[in-house]
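Here is how the chains run, residue by residue.
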Amino acid sequence: DSGVTQTPKHLITATGQRVTLRCSPRSGDLSVYWYQQSLDQGLQFLIQYYNGEERAKGNILERFSAQQFPDLHSELNLSSLELGDSALYFCASSARTGPNTDTQYFGPGTRLTVL
Amino acid sequence: ILNVEQSPQSLHVQEGDSTNFTCSFPSSNFYALHWYRWETAKSPEALFVMTLNGDEKKKGRISATLNTKEGYSYLYIKGSQPEDSATYLCAFRLDSSYKLIFGSGTRLLVRP
């Protein structure tokens, strides 16, 4: 157990809908990262927040948005869902393990199925 | 486009065999190289973070080396056990941003 929690575990929805995925980082971690794991692709970085501020952005679609709240939990909002958005969405949080390093601890993931 | 390549894609070994896999990454603008172990139905678990050329890290029977000049890292497992069966991912950190670029992994199956 990494200490990162994600809800829900599974989500089944229809095309065109909007969903919100939630992540709580490990106690004391200020950074939260979101990743997408599709069937035919490796882990793709979506976005990172640090203490409430967006810090880095990957290949995140305009239909997707995220935020990090004052209590440091984060939400990933996916709207106008398409079949291709079906994937495993991971959240990770980071703690410093040494100078210039940052181990990321992954949550259990949310499996999204768009029908 | 930055690519992180891992080879082989999959590997089947017998219990007790030692094995190794490769992660290749761009050698310029290197910041850090991460190794993760990902068991089926679980989340990726951090193994090592490596930053310096020539770095060697060890955790039990698993060790890793890093060559930043030529852009590769090796992960070694000595005396593989069935519980080592997992996908091993490497991830390259390009710069001071915290973005990790993951390879597609090496899937290891250790037969008893």
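Everything here concerns the structure above.
What counts and what doesn't
- Residues numbered from 1 in each chain as written.
- Chains lettered and ligands numbered in written order.
- Predicted model: local features only at pLDDT ≥ 70, side-chain atom pairs only at ≥ 80, totals over all residues.
- Heavy atoms only, no water.
- Pairing = 2+ DSSP bridges.
- Helix = DSSP H or I, 4+ residues; strand = E, 2+ residues; numbered from the N terminus.
- Axes fitted to C-alpha atoms, helices over the stretch in contact; angles between N-to-C directions.
- Salt bridge = Lys/Arg side-chain N within 4 Å of Asp/Glu carboxyl O.
- Buried < 20%, exposed > 50% of the residue type's maximum accessible area, 1.4 Å probe, protein only.
- Core = buried A, V, L, I, M, F, W, Y, C linked by side-chain atoms within 4.5 Å.
- Contact = heavy atoms within 4.5 Å.
- Phe/Tyr/Trp six-rings, centres within 6.5 Å; stacked < 30°, edge-to-face > 60°.
- Lys NZ or Arg CZ within 6 Å of the ring centre and 35° of its normal.
- Buried area = accessible area lost by both parts, 1.4 Å probe.
- Polar contact = N/O pair within 3.5 Å; in protein donor to acceptor, adjacent residues only side chain to side chain.
- Nonpolar A, V, L, I, M, F, W, Y, C, P; charged D, E, K, R; others polar.

Asks: Help me understand the sheet that holds strand β3 (residues 19–24) of chain A, please; the structure alone is not making it clear to me.
Replies: Strand pairs in the sheet, formed through backbone hydrogen bonds, run parallel or antiparallel to each other. Residues and elements named next belong to chain A. The four strands are arranged β1-β3-β8-β7 in an open sheet whose pairing can be described as antiparallel. The sheet is open, and its two edges are formed by β1 (5–7) and β7 (64–68), each paired on a single side. Going across the sheet, the axis of each strand differs from the next one's by a mean of 15°, ignoring polarity. Where β1 lies against β3, three bridges are found, and the strand directions are antiparallel. When the bridges of β3 are listed, T7 appears paired with R22.

Asks: I'm lost on the pattern of salt bridges in this one. Help?
Replies: If the charged atoms of two oppositely charged side chains come close together, the side chains can form a pair. All names here are of chain B. In this structure the tally under the stated criterion is seven salt bridges over all chains. In this structure, R37 engages E45 in a salt bridge whose closest nitrogen and oxygen atoms are separated by 3.7 Å. The buried category is assigned to R37, whose relative accessible area is 11%.

Asks: I tried to follow the nonpolar core on my own but got confused; where do I start?
Replies: Among soluble globular proteins, nonpolar side chains are generally buried collectively. Ranked by internal contacts, the top residues of the largest apolar core, which has 24 residues, are B:L33, B:W35, B:F48, B:L75, B:Y88 and B:L108. The set of elements that each furnish at least two residues to this core consists of β2 (10–14), β3 (19–24), β4 (32–38), β5 (45–50), β7 (62–67), β8 (72–77), β9 (86–93) and β11 (106–111) of chain B. For this core, the element with the highest residue contribution is β9(B), accounting for four residues. Every residue in contact with B:L33, bar those within four places of it in the chain, is listed here: B:C23, B:F25, B:F48, B:V49, B:M50, B:L66, B:S73, B:C90, B:A91 and B:F92. A:V4, A:I47, A:I60 and A:F64 belong to the second-largest nonpolar core, a separate cluster that totals 21 residues.

Asks: Got a minute to help me understand the packing of aromatic side chains in this structure?
Replies: For any pair of aromatic rings, the description rests on two quantities: the centre-to-centre distance and the angle between the ring planes. The final tally for this structure, using the stated rule, is 15 aromatic pairs over all chains. Relative to B:F102, the ring of A:F106 has its centre 6.1 Å away and its plane inclined at 80°; by these criteria the two rings are edge-to-face. Here A:F106 is found in strand β10 (residues 101–106), whereas its partner B:F102 is found in strand β10 (residues 100–102) on a different chain. Taken individually, A:F106 and B:F102 each receive the classification buried, so the pair is uniform in this respect. An aromatic cluster of three or more residues is present, and its members are A:Y35, A:F45, A:F90, A:F106, B:Y36, B:W38 and B:F102. Against the face of A:Y105 rests A:R26, its NZ or CZ located 3.8 Å from the ring centre.

Asks: Explain the interface of chain A and chain B here, please?
Replies: The parts lose accessible area when they come together, and the size of an interface is often stated as this lost area. Contact residues are listed per partner, giving 19 residues for chain A and 16 residues for chain B. Roughly 1,600 Å² of surface becomes buried between chain A and chain B when both sides are summed, with 64% attributable to carbon and sulfur atoms. Counting the contacts that link chain A with chain B gives zero salt bridges. Remark: the boundary between chain A and chain B carries three residue pairs in polar contact (both at pLDDT 80 or more). Taken together, the residues of the side of chain A that touches chain B sort by class into eight nonpolar, eight polar and three charged.

Asks: How should the environment of A:Y50 be read in this particular structure?
Replies: Residue and element names in this part refer to chain A. Inspection of the secondary structure puts Y50 in strand β5 (residues 43–50). Since its relative accessible area comes to 32%, Y50 is described here as partly exposed. Separated by 43 residues in the primary sequence, Y50 and S93 have C-alpha atoms spaced 9.5 Å apart. Beyond its immediate chain neighbours, meaning those up to four positions away, Y50 contacts L30, S31, R55 and Q68.

In short, shape yes, function no, at least from these values alone.
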